[in-house]
Structures are given as C-alpha cells and as structure tokens.
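Summary of structural features
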Amino acid sequence: MSYRLRIVAVAALAGLATISCGIQDASQTSLPVDGASISTAVTTPEAPRDVSQDPGLPTAIPAPAAAPPIPAASVASAAASDNDDSQVTLSAAVGNRVDDVAEPFTLPGASGRTHSLDSHLGEKNVVLVFYRAFW
Amino acid sequence: MPALEALETVVFAISTDDLSGAKAIASRVGISFPVLYDPAADVMEAYGVYDLLGDGLATASTFVIDKQGVIRWKYVARSISDRPSVSEVLEQLSELDG
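Since we're looking at a predicted model, the values are computed, not measured.

About the cut-offs
Residues numbered from 1 in each chain as written. Chains lettered and ligands numbered in written order. Predicted model: local features only at pLDDT ≥ 70, side-chain atom pairs only at ≥ 80, totals over all residues. Helix = DSSP H or I, 4+ residues; strand = E, 2+ residues; numbered from the N terminus. Buried ≥ 20, exposed ≤ 12 C-beta atoms within 10 Å, placed from the backbone. Contact = placed C-beta atoms within 7 Å. Core = buried A, V, L, I, M, F, W, Y, C linked by C-beta atoms within 7 Å. Pairing = 2+ DSSP bridges. Axes fitted to C-alpha atoms, helices over the stretch in contact; angles between N-to-C directions. Nonpolar A, V, L, I, M, F, W, Y, C, P; charged D, E, K, R; others polar.

Right, let's talk about the overall build of chain B for a bit. In terms of regular secondary structure, chain B is built from four helices and four strands. Looking at chain B residue by residue over its 98 residues, the buried ones come to 38%. Expressed as a percentage of contacts within chain B between residues at least 6 apart in sequence, the contacts between residues at least 24 apart total 29%.

Laid out in structure tokens, this is it:
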C-alpha cells in the first residue's frame, strides 16, 4: 500500500468514527448531523470555516475540531482498493438528499434482531419506509 | 415478496414506536420485512423526516438506497395521507444499475 493510500485509509476510518459518534450523540449535543453541514465539511477539507464568525449559522454550533468526516462509501472504496492505486476516490457526502451517501444506522427490530444498513451494502438495494406510528 | 427478491432489495419499516408497537403493526399488517423501532427518533432525524407535519412522529417517507449505499430516490409525504404508490417504488428499483 502506497503512502498516499495509507493517509486516505486513516482519514477515512477517522471520518467513519466521527459519523458514528454524530448519530449516536445526535440527541445529546447541538452538533448537526444533517446532510448540508456534513457536505460542507467534506467539500472544503483544506479550509475549514470558522463557524463562530459565520453570521448564517447559530453561534451555539461548535466549529469542527477534528478532521472532516469521510463518507462510509469512501471507506469501502479505500479498503477495496488496497491493491489498486487507481480506484481511490472521494465522492458523495453523507446526507439525506438524493445522490448523498445514506446515513448508516443500526436499529432493533420487532423480531428481536438488530438490523443495520451497512450489513446490506454491496449485496442488496435497501428501501427505507418511515411510517408515522401504530395505533 | 418475490418482486423485491428479484430486484435484490430488502425493505425496512421504521417508526418511533417502541417494541410493542413494532410487534403490533408487524402482526396486524402481516409485514414480511423487518419492522424497526427508533423511539429516540435519531435515524429519522438523520434522514430529515422527523416531525415535518408537526405531530411528533416520523413523516411518512420512502428512500431507495442502492447497493453502494447512495440514496437514489426519495419521497416525503406532504400530508398525513400522502404516499408513493408501490408501483412507483418498484419502478425506481428496477432502474437501479445491477
């Protein structure tokens, strides 16, 4: 593995950890996990914005302190291309819009099993149907 | 569901119900795919479909995600009764590559 690939792989793993923590802690912190904010961080890695100086954002939102998150698909891409330098790509951002990489999740099911999006990647398409509630 | 198997697709239903609610709807409707519960609304918040209609619930919505994990189509209800048709979802799935 080339030196460049090692850097990409480490950055990708750090990004995946950041994404996972963001989802788990979303209800406990003010750090946004929506597509727009993550997308911004990914597309401008060399020049992270000083959020506290941006009048368009609430001052309560902390500026990102760590490396910007890298999409899960990019992690897979980097890992899969371990022996092929030509296939390393950093593409779509994680988010909830069409053409975004879908937010990973793990949730319990009524059957007692736990299900995650990641377990189907590469093998199946996934349809998520959010419904209001049972009554 | 044969059509979904042919399209190499799995379906997850998700709501803010707790375990008993998830079991109830799976039993009542006879759902053959996994019914997941997200009472803290973390996942639906991440997908931007929580409480859009001001009812404190998931807004009815459907996301088609391809094998690479990319969202290829989505439909978010604009009212309580708004839903995409099954045929529309199947059509979107059939247009996915591979």
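Residues L128 and F130 of chain A together with F12, I14 and F63 of chain B are the most contacted members of the largest nonpolar core, which totals 39 residues. Of all the secondary structure elements, the ones that give two or more residues to this core are β2 (101-102) and β5 (125-130) of chain A together with β1 (9-15), α2 (19-29), β2 (35-37), α3 (42-46), β3 (61-65) and α4 (86-94) of chain B. Here this core gets five residues from one element, more than from any other, and that element is β5 of chain A. Setting aside residues no more than four positions away along its own chain, F63 of chain B makes contact with A102, V127 and L128 of chain A together with Y47, I71 and K74 of chain B.

Take the sheet that holds β3 of chain B next. Adjacent strands of a sheet pair through backbone hydrogen bonds, lying either parallel or antiparallel. Taking strand neighbours across the sheet as the criterion, the five strands line up as β2(B)-β1(B)-β5(A)-β3(B)-β4(B) in an open arrangement whose pairing is mixed. Of all the strands in the sheet, the pair left with one neighbour each is β2 and β4 (71-76) of chain B. Looking at each pair of strands side by side, their axes are set apart by 20 degrees on average, direction ignored. Relative to β4 of chain B, β3 of chain B runs antiparallel, the two being bridged by five bridges. Directly across from V64 of chain B, in β4 of chain B, lies its bridge partner W73 of chain B. Set on the sheet, α4 of chain B makes contact with β5 of chain A together with β1, β3 and β4 of chain B; between it and β3 of chain B the angle comes to about 15 degrees.

Contacts between the two partners involve 39 residues from chain A, matched on the other side by 53 residues from chain B. Within the residue set of the side of chain A that touches chain B, elements represented by two or more residues are α3 (72-80), β2, β3 (106-108) and β5 of chain A. Sort the elements by how many residues they give to the side of chain A that touches chain B and β5 of chain A lands first, with six residues. Here the side of chain A that touches chain B is built from residues that sort into 23 nonpolar, eight polar and eight charged. Sheet topology places β5 of chain A next to β1 of chain B; six bridges connect them, and they run parallel.

It is worth spelling out the pairing of β3 of chain B at this point. β3 of chain B sits mainly inside the fold: five of its five residues count as buried. Because side chains alternate across β3 of chain B, one face comprises the buried residues S61, F63 and I65 of chain B, and the other comprises T62 and V64 of chain B, equally buried. In this sheet, β3 of chain B lies alongside β5 of chain A in antiparallel orientation, the contact comprising five bridges. Bridging across to β3 of chain B, L128 of chain A finds its partner in F63 of chain B. Between the antiparallel neighbours β3 of chain B and β4 of chain B lie five residues, among them G69 of chain B with a positive phi of about 85 degrees.

Across the six residues of β5 of chain A, six count as buried, placing the element largely inside the fold. By the alternation rule, side chains of β5 of chain A split into N125, V127 and V129 of chain A and V126, L128 and F130 of chain A, which are all buried.

The residue D99 of chain A is not glycine, and still its phi comes out positive at about 80 degrees. For D99 of chain A, the position within the fold is in the loop between β1 (94-95) and β2. By the C-beta count within 10 Å, which is 11 here, D99 of chain A ends up exposed. For D51 of chain B, which is not glycine, the phi dihedral falls at a positive 60 degrees. If you trace the backbone, D51 of chain B turns up in the loop between α3 and β3.

The residue E8 of chain B is located in the loop between α1 (2-6) and β1 in this model. Each C-alpha atom of the pair E8 of chain B and L93 of chain B lies 9.1 Å from the other, and the pair is 85 residues apart in sequence. Ignoring anything within four residues of it in the chain, the contact list for E8 of chain B reads K124 and N125 of chain A.

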